[in-house]
Amino acid sequence: IECEKRQQVAKMKKKHSSSSLPLSTNNQERKEETQHLLVVTPTTCNTNKRFILLLVILLINCFVAFVTKHVIVSLYSYNYSRGEQATTTVKQQQHRKIMAEEGNCCDCPTLYTCPTSGSSGISSIEIGTGGGLFKLAVSSNNILCTLTIVETTTTTMDGSSSYNFKPVARSYSGNDWEASAGDYSNLDFSCHQEEEEGVCIVNLQDIQSERGGLVVQYQLTSYNDNAPETLKFANVASRFLEQATFGPTMTDIANLQLEQQQSSSSSSSSASRVFANWVQNQILLPPSSHRELFRKHANARFEFASPIGKVTHPCRAGTRYRKFAFSSKDYEKTITIASVVSEKKSLAVNDNIRTIVDGPVMGMTGGGTDVTFPDGRYLICRLPPENSIGGTVLLQHPTLGCMPVRFSRTLTGNPIVNFPAGTTTSVLESSLVITIQQDEASPIDVHDDSSGVTTDEVQELIVNKDLSDPSCESVNDLVYPVTTTLFGLTADNGDYWIHDARFDFVENTLTNPIPDGGGSIVQEAKSTVQPEANPVCANVRRNFLNEDHCQLSSSPDTCVPYGSSSSQQYNDNNDDNNAFIPIDHDFMRLFSNLLGGTLYLYAINDLRIQDDPVTAPPCQKGSTSRWVPLDECSSSNNNSALLLGKRTERLFARMISYFANNNNANPNVLDTTYFNDINAECDEQDQLKKGFEVADLQGNCWLNVHPDHWNVYDFTVWTKLGTDGGGHPGNSAARNPIKEFAESGSTFLDFPSWHEMDRWQDNKRKFAPLLGRLGDLVNYYDIQQALGSSTQNNSDAADDSMDDFSLRLVCGSPYEVSNDATLGGSSSSAQGRGAFDVAIPALMTTSTNDFHQQKKMIWTELALYAPDQLRQRIAWCISQLLVVSTSAITKGYESTEMFTVYYDIFVRHAFGNYKDVLKEVSYNSLMAEMLTYYQSKSTAYVYEQKGNIEYADENYAREIMQLFTNGLYVLDEKGNNINQVLVYDNDDIEEYARAWTGFENQPFRGNIEPYYYNNNKSRSNRIDPMNINVKYRDVFPKMGLNRKYIGDGVPLCEDLPERHFLQKGAVYRLLGKSPTPELHMDPIEWSTNPEYQPLSLSQEPNNDNNNNGNNSLFSKLCGAAAAAGSSSSNNNCEFRPKVVLDESISCNDNDDDELCSVDTIRTVQVVAGIFYEYIQPPCVHLAFFNDAKTVVTATTIPRDGENTIYKYVMMIANPNTASAGIACCTNTNSDDENETNETIITPGNEPYYYYWGERTLYSTAQERCSAGQEASSKSLCSSSSSSSSSRPICNQEEDEEDASCYDNDSDHYYWTDIPCTLRVKINSNNGKIAIVHEINNNSSDDVYIANYIAKHVQEDSPTYFRVDWMTTTNTNDGDDDDYYTTITSNCDSYTHCNTAASSDGVISCVCDVLSVSNEQVYFDEDDVHNLKAEDILKMLTIGAFDPSDDDDDTRMVLTESTTAEGVSWYSSSTTTTTTNDVLSLSSSTVFRVVDPITGIVHFR
């Protein structure tokens, strides 16, 4: 009725008001009017919203403590479905408003105002059950108004009611309504619509229908702050801290109150100042690291050393002794119960005595009846023993199962260590007892008994200083196996204690790396019985986090990190990031020599498969068989016992051919598997045959051999005297038959024909692990670990011959602190079960759940108690964006340290740059596994190695845009999604996916929690930033968002300044004693080759120029000592980890030193044995270029004394980049006067190369070849004849007299004049293109490998990338089409094009690249006068090097000009002209601009 009255009144007003403007009734106009009204409400950090956090530190201008608006600005891409809903809601609101004005609205939202608070300061009103639009007025000043759901339940017995409140939203002190956290956090409030200032509209769901009969109402409640001024500030401070920390404490509030009271300003301004000061002080606090907390508390029990390090020494400060007999580390060990005297029983674990108890040992069944455990051996079952006196211990009863036990009639659970008088002599005779003086140890950790009640009995001691007992001199570090229990005897009371060793983390931080990289730990704690348990070098490979802090170590024990240049060996096309080495006779001698001949590596030989009943016959399905190639099938196969049926012959012919043709790189043996799903069967009579011969499909003959034939093992233990130590029973002081094989020069161990084969099967476990098969390529570092980590400390033994210094680089890792022996669990008082554990599969007794809880405890500890609360709160917010899940990570629940390392990224960068956060996250192994780009490989790599077409993993490329940065849709300046325009499409994802190729884990190292995989057989490093394997990287152009290439704005490599390595800003990184670079690919063999020729810096001044480049660079790299005129000995140099030239170094025309004669450098030797690597500035290689030249690499492959095969690989290179080396040929006439032969010249003293690995420009190569004697007959090699002598094959053989180059196995390319054509392949489906190299070599040599062009640039290559095409008008429909459609549809009609089918089946058009041109954009001063920085950045895509850094005297003088908008440009005086007072520009003009957003300086 009221609605009808309002309608009538409205109609009357409309009818009689002549001055009123008519309201539009056009619905389309209303739609257009309301289209722009989408409102996005600011939000706090929430896990289900996508946004980017930026920290904005502002002075807080009012007392309201809504820190989210002052400190954290949340920008996020708005979800489409929610945005659509919000738009619809606003349209409905506007429509209802118009209808109400017209008098036609009966359901317009009612306005509700917060109730006026009463004398109590609190007042409430009910506003219904929802189900539509509600108008809510914002609260008044100093009023908090809340919207809640109230559920009322009436009790039927007494009629009383109970209430349940759920927060929905709030408004306070005149601020807009905002959703509360929880179930209703997604509510959208539309506030201040046109004239309705101070009003918000929200669509509330109908709650009555959801509650099923409960009395439910929405309720508005007002809270009036009538408190005194001091309490008002406390309330404000509390709200401030609630947002800025993980929760206010009374102490924090009191501190802010005290500062506010000391302020002389008004309350509001002083509050702002107080909060601003608090923020600034928080920023200045050092980060509280989660990794540091974990490592400090990582004091779990470890009985002996492990790959990650050693344990506490029994006599050194920091170790512990315990009073209870069993610990959690005894889980699944065997307890031996033995009678001593009377009822007393001795208890031993794995035959090592622990204590004597009163007895008897009784099992508690739980049914009221105890069961006696008689003398015998029993398994500690189900759960680890509790680490306290009286803690539960469970033993496996032979018939009744696992049950708790008590070890006397009165003592329940874990007994104390006790040796009554009269028993010590006999019981402890095989144990070591160390006396502990009263001042040498003190009690630590108050334990709880099994009921949780704190006891006064001391259960553990910590050693405060090194023990003085003389017996300590005979105690070594604890290594596997532990053969006896070590006891402590306290001198003051005669009590016995068991040594309770703890893991010993060592400090290895950025600024304080381990002085020797952990080499001494490796030496001290190595075990010869179980080498795989030995500590591993802890030295960290250099990375972007530690490179500025690495140090040189002169310790003789310094070890080098796996995968570093000093330990790098062979690099092969393998799917692992580490170096690979073939297992051959040299391999076995190498590793034996690394330890001074103390290792005995053999390939086992003469095993008899026919006599071994354990081995399965080849015809047994599921079996794996081994085969060796034969020159031809012998007549022995005519033996009727070995004759095969036709089906058997066909089966193995196909099987062997299949396995031989699918990546079998081993030339000596072949393993095949008879898979269960293979339908073919052997003939019945062949089912049990072994040792037969068979021919494959190509006619090659193979012999079936024992499956262990030519397996390579470490037989060192077999050489020892005495069978107790694992030695061969025939060894004696007079004769050692196992050593005799090596002493005679053999690397085969021949199994005696008179031994039964079961003797091999029984003993081969002693030689585990298997190192590989003779001929396998194996991971060099895995072999080091398998043989014992001491090998790595000698892996540079050959380097020592190069100089008298042993300087190596040692580097650390952020927050890699030592553990604190006095700390236990997550607080100052240790947990009863010990401290944080470290997950090592072979030593784990902690449950998976407890491991998982460790991560929660660390986070909770810092959330509650860390002083840098603001940093921790922001870190938590960022962590909700860049999420990794324990359930998605292998070993995620067990591992702790790798998650703390990941979280610390956000802690360290909480007040920093989001780009830095993304960089570290992208290099983190957890994110690589979470979003699956770990070891993603380029299409080119997979195609070249396997012939398959596979594309880079797209997951991370998609998520980094969708979730971590841009979001799905283009937003306006207010963050609104207006036009539903997608930021990216699938083509963008495919392009960016190629940028995330090559990422893989660093090699395993010590002093960190390891990551085990492959059924715990392999381990890896998930702590340090990932390494990029260059072989997996995609090298082709990548066009990303806004049609921009990743390389846009980066200078071209062909524009590198002359002698750029001497320019201001040139970067050099210290390598130490190794000459092998880290960022280039040079063979490690060069460092041990006595003929190796490095580029060495002169220490003597040049007579003509005391500041020549060579000498000045020496001064810069040697450091301050050299600058001060000190001696050139490296002991007087101050070698820094990284050197950046602060000025350019000039070279005069008369300088003839090597440094001023080369185009580029890789490494330089400063003094004998100290090398630096030059880091070339980033630059872009053009995909297409003019005047293409052929480069060649060639290696030799000997084939069993037959003709040498030359593996000959060709590509095309840009002659204006230093991309290849020099190999010169001399032209001689043959008998046929019309034919010219080429022979590689003898280098003699000619300057063909200045150092091994030198790369030059093409022109430099030409010049050097023609600069020597008989110059007219020498040039770059250009022949394509079949004579192998005409190719630039480079050998180091003694009888090779004609090689002008220096290496054979480095994949080093050389410039040639072999004709070539650079081509482009155009995909007819999408216009993407690929690079094609065509080289005109028509060799017919039968030992020449025909497929000589690198596979990824052959015509059938599938390696496409995006480009922009010009458009052309389609004559059929008049539309503009990309020009490629015209080319591909008329391909064969073009003179230089042809149609080709790619390996992926796509029809493409392949055309010659006739020319490549760059276009000048600006031509004179008028063009650039009003240009802004963003104009330059948008239009000029080619970067440039800073011309002001080029101090070369041969350069033209530069003039600098500036536009009206402050953009500078440089032009050379010879290329700049003036016409009519207008300055002309040239293609060499360089602009200097500052990006207005990032502040980065660009040169274009």
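Below or above, wherever it landed, is the structure these notes cover. (Residues numbered from 1 in each chain as written. Predicted model: local features only at pLDDT ≥ 70, side-chain atom pairs only at ≥ 80, totals over all residues. Heavy atoms only, no water.)

1. Concerning the pattern of salt bridges
Scanning the entire structure with this criterion turns up 58 salt bridges. By sharing partners, the salt bridges in this structure join Arg291, Arg295, Glu816, Glu897, Arg1005 and Asp1024 into a single network. (Salt bridge = Lys/Arg side-chain N within 4 Å of Asp/Glu carboxyl O.)

2. With respect to the sheet that holds strand β14 (residues 345–349)
By definition, the strands of a sheet pair up through backbone hydrogen bonds, in either a parallel or an antiparallel sense. Within the open sheet, the 4 strands sit side by side as β15-β14-β13-β18. Their pairing is antiparallel. Two strands lie at the open edges of the sheet, namely β15 (352–357) and β18 (376–379), each paired on one side alone. Neighbour-to-neighbour, the strand axes of the sheet open up by a mean angle of 25 degrees, direction not taken into account. Note that β14 and β15 share 5 bridges and pair antiparallel. Counterpart to lysine 345 in the pairing with β15 is valine 357. (Pairing = 2+ DSSP bridges. Helix = DSSP H or I, 4+ residues; strand = E, 2+ residues; numbered from the N terminus. Axes fitted to C-alpha atoms, helices over the stretch in contact; angles between N-to-C directions.)

3. Re helix α19 (residues 897–908)
Its 12 residues place the ends of α19 16 Å apart at the C-alpha level, agreeing with the 16 Å of an ideal helix rising 1.5 Å per residue. With 11 of 12 residues buried, α19 lies mostly within the body of the structure. When we look at burial in α19, the residues that qualify are Glu897, Met898, Phe899, Thr900, Val901, Tyr902, Tyr903, Asp904, Ile905, Phe906 and Val907. In the core, the buried residues of α19 are packed alongside α9 (290–296), α17 (848–865), α18 (869–879), α20 (914–922) and α21 (925–930). (Expected span 1.5 Å × (residues − 1). Buried < 20%, exposed > 50% of the residue type's maximum accessible area, 1.4 Å probe, protein only. Contact = heavy atoms within 4.5 Å.)

4. What about the state of the cysteines?
Linking two cysteines covalently via their sulfur atoms produces the bond known as a disulfide. Scanning the entire structure with this criterion turns up 14 disulfides. Each sulfur of the disulfide joining cysteine 114 and cysteine 145 lies 2.1 Å from the other. Residues cysteine 114 and cysteine 145 share a disulfide whose torsion about the S-S bond is about -105 degrees; that sign makes it left-handed. With cysteine 114 in the loop between β3 (111–112) and β4 (122–128) and cysteine 145 in strand β6 (residues 143–154), this residue pair connects regions lying 31 residues apart in the sequence. (Disulfide = S-S within 2.5 Å.)

5. A short note on the packing of aromatic side chains
If you walk through the whole model with that rule in mind, you get 46 aromatic pairs. With centroids separated by 5.4 Å and ring planes inclined at 55 degrees, the aromatic side chains of phenylalanine 302 and phenylalanine 503 adopt a geometry described as tilted. Linking phenylalanine 302 in the loop between α9 and β12 (320–322) with phenylalanine 503 in the loop between β25 (496–499) and α11 (519–524), this pair joins segments that are 201 residues apart in sequence. Note on accessibility: phenylalanine 302 and phenylalanine 503 belong to one class, buried. Relative to phenylalanine 906, the ring of tyrosine 902 has its centre 5.2 Å away and its plane inclined at 85 degrees; by these criteria the two rings are edge-to-face. With a gap of 4 residues between them, tyrosine 902 and phenylalanine 906 both fall in helix α19, about one helical turn apart. (Phe/Tyr/Trp six-rings, centres within 6.5 Å; stacked < 30°, edge-to-face > 60°.)

6. A look at the sheet that holds strand β42 (residues 1067–1072)
Taken together, 5 strands build an open sheet; the order of strands is β43-β45-β46-β42-β44 and the sheet is mixed. Two strands close off the open sheet at either side, each with one partner strand: β43 (1095–1096) and β44 (1138–1140). As paired elements, strand β45 (residues 1163–1167) and strand β46 (residues 1170–1175) share 4 bridges and run antiparallel to each other. Along β46, the bridge assignment pairs valine 1167 with isoleucine 1170.

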